[in-house]
Amino acid sequence: MHGNFAQPLTMGELRGSESTRKAAVVVAKAAQIPLKITDGSGALSLITKDGEIRGYGAVLRYLADSSPGSSLTGHVNQFTCATIDSWLEFSMMELSAHTDECPPSEMIAKALETLNSHLESRTFLVGQRLSLADIAVVCAVDRLMRQGGVAAELTSLRRWHATCLHQPAFEGVLITPSTPLSSSSSTTTVPTTTTTTTTTSSSSSSTTTVPTAAIEEVTEADNAAIALLTQLGAKS
C-alpha cells in the first residue's frame, strides 16, 4: 500500500509526449508542484533530485504523494487508496492512457459503459472530491471525446467529464485544446486564482476557449430561470 511520505517536490523534469503527460501536469497543478516539461517520446518519466521515475502510473502516484496533505491519493483508509489505484490501472489497461495509441473500438465502448454506470449516482469516481482516479481516467476520456468516440447517450460520463474540467487544475491543460501544453524545456506554474477565461504568462497572454464538450447540459430548471431573467430584463 502506498504511503504519504510528505516529501515536497520542489522541481522535477517531466518527459514524454503531450498526450501521455497531460495527466501528470494536472496532478502537479493540483498538488502545487512546479514542473519543467520536455517534449519526448516513449514512456512517461520524471527526473527528480533522487533519480528518474519511469512509467505512467508511477509518475502520477509520485507527484500526487509529493504534496503534504494532498487528498489526491485517498489517504483516508486502505480501501479508498486501493480503489483509486484500481481506476489508475483502468485508465491504462482499458483506455491506454499511458500510450499515444487508442485501444480497439469494442474495448473503448465497454470501458465507457462501465464508467457511465459507475457515475450514475456519483460526482467523482472515488469519494466526494477530485482524486488521482478522476485525473487519470478523465484525461484518457477527453482524448476520446475530441475524436468523437464518446456516445451522446452516456450522459453521466459527460457530466463527470464537464465537472472535472471545471476544476482549476485542468485550466490550460484540457480546456484549451488550441493552445500547446508547453514548449520544450518550459516551466509549468500553478495558478493562484480560480479558473478564468484568460491566462497570462510572463512572456505572453492568450484567451482560453472552453469547448462545447466541457459545458454541462442546461437542465429544464435552468431554462426556466433563464427565461424569467430575460423577461425581467425586458421589463426594466
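Residue numbering note: each chain is counted from 1, following its sequence as written. Only residues with pLDDT of at least 70 are given local features in this predicted model, and only at 80 or more are side-chain atom pairs given and counted; all residues enter the totals for whole chains, interfaces and linings. As a rule here, side-chain values cover all heavy atoms of the structure and leave hydrogens and water aside.

An account of helix H4 (residues 105-118) is requested, with residue identities and associated values reported.
Strands here are runs of E lasting at least two residues and helices are runs of H or I lasting at least four, both read from the DSSP assignment and numbered beginning at the N terminus. To estimate the expected span of a helix, subtract one from its residue number and multiply by 1.5 Å. If you check H4, its first and last C-alpha atoms are 20 Å apart, about what 14 residues at 1.5 Å a residue would give, namely 20 Å. Within the span of H4, buried status applies to Ile 108, Ala 111, Leu 112, Leu 115, Asn 116 and His 118. Buried residues of H4, seen end-on, are gathered within an arc of 160° and therefore sit on one face of the element. With respect to the buried face of H4, the exposed residues turned more than 90 degrees away are Glu 106 and Lys 110. The rule is simple: take the accessible area with a 1.4 Å probe, protein chains only, and divide by the maximum for that residue type; under 20% is buried, over 50% is exposed, in between is partly exposed. The directions considered for the arc run from the helix axis to the C-beta atoms.

Kindly report on the packing of aromatic side chains, identifying the contributing residues and their values.
What counts as a ring pair is set by centres within 6.5 Å for rings of Phe, Tyr and Trp (its six-membered ring), and what kind of pair is set by the plane angle: stacked under 30 degrees, edge-to-face over 60, tilted for all other angles. Taken as a whole and assessed by the stated rule, the structure comprises 1 aromatic pair. Where Trp 87 meets Phe 90, the ring centres are 5.0 Å apart and the plane angle is 70°; that geometry is what we call edge-to-face. Of the two residues, Trp 87 and Phe 90 both sit in helix H3 (residues 78-93), 3 residues apart, roughly one turn of that helix. When sorted by exposure, Trp 87 lands in the same class as Phe 90, which is buried.

Now, about the environment of Ser 45: what can you tell me, with residues and values included?
Within the secondary structure layout, Ser 45 lies in strand E3 (residues 45-48). According to the relative accessible area criterion, Ser 45 is buried, its value standing at 3%. In this structure, the C-alpha to C-alpha distance between Ser 45 and Glu 13, residues 32 residues apart in sequence, is 8.2 Å. By the convention used here, residues are in contact when the closest approach between their heavy atoms is within 4.5 Å. Among residues more than four places away in sequence, those in contact with Ser 45 are Glu 13, Leu 14, Arg 15, Glu 52, Ile 53, Arg 54 and Val 59.

Describe the environment of Thr 163, with residues and values.
The topology assignment puts Thr 163 in helix H6 (residues 155-165). Each C-alpha atom, one on Thr 163 and one on Phe 124, is 8.6 Å from the other, the two residues being 39 residues apart in sequence.

Describe helix H5 (residues 132-146), with residues and values.
Compared with an ideal rise of 1.5 Å per residue, which puts 15 residues at 21 Å, H5 spans 22 Å between its outermost C-alpha atoms and is within 8% of the ideal. Taken across its 15 residues, H5 has 14 buried, putting it largely inside the fold. Just downstream of H5 lies Gly 148, where phi reads positive at about 75°.

Break down the confidence of the model for the chain for me, with residues and values.
What pLDDT expresses is the predictor's confidence in each residue, scored from 0 to 100. Looking at the chain, pLDDT values average 75 and 68% of them are 70 or higher. Confidence, expressed as mean pLDDT per element, reaches its minimum in the chain at strand E6 (residues 198-200) with 31 and its maximum at H6 with 96. The low-confidence segment residues 177-226, where pLDDT is below 50, has 72 contacts with residues more than four positions distant or belonging to other chains. Here residues 232-236 scores under 50 on pLDDT; set against residues more than four positions off or in separate chains, the count is 0 contacts.

Before we move on, could you go through the pattern of salt bridges and cite the residues and values that matter?
The working definition used for a salt bridge is a side-chain nitrogen of Lys or Arg within 4 Å of a carboxyl oxygen of Asp or Glu. One pass over the full model with this rule turns up 6 salt bridges. Two residues, Arg 54 and Glu 52, come together in a salt bridge whose shortest N-O distance is 3.5 Å. Exposure remark for Arg 54: the relative accessible area of 53% places this residue in the exposed category. Exposure remark for Glu 52: the relative accessible area of 44% places this residue in the partly exposed category. Here Asp 142 makes a salt bridge to Arg 146, at a shortest N to O gap of 2.6 Å.

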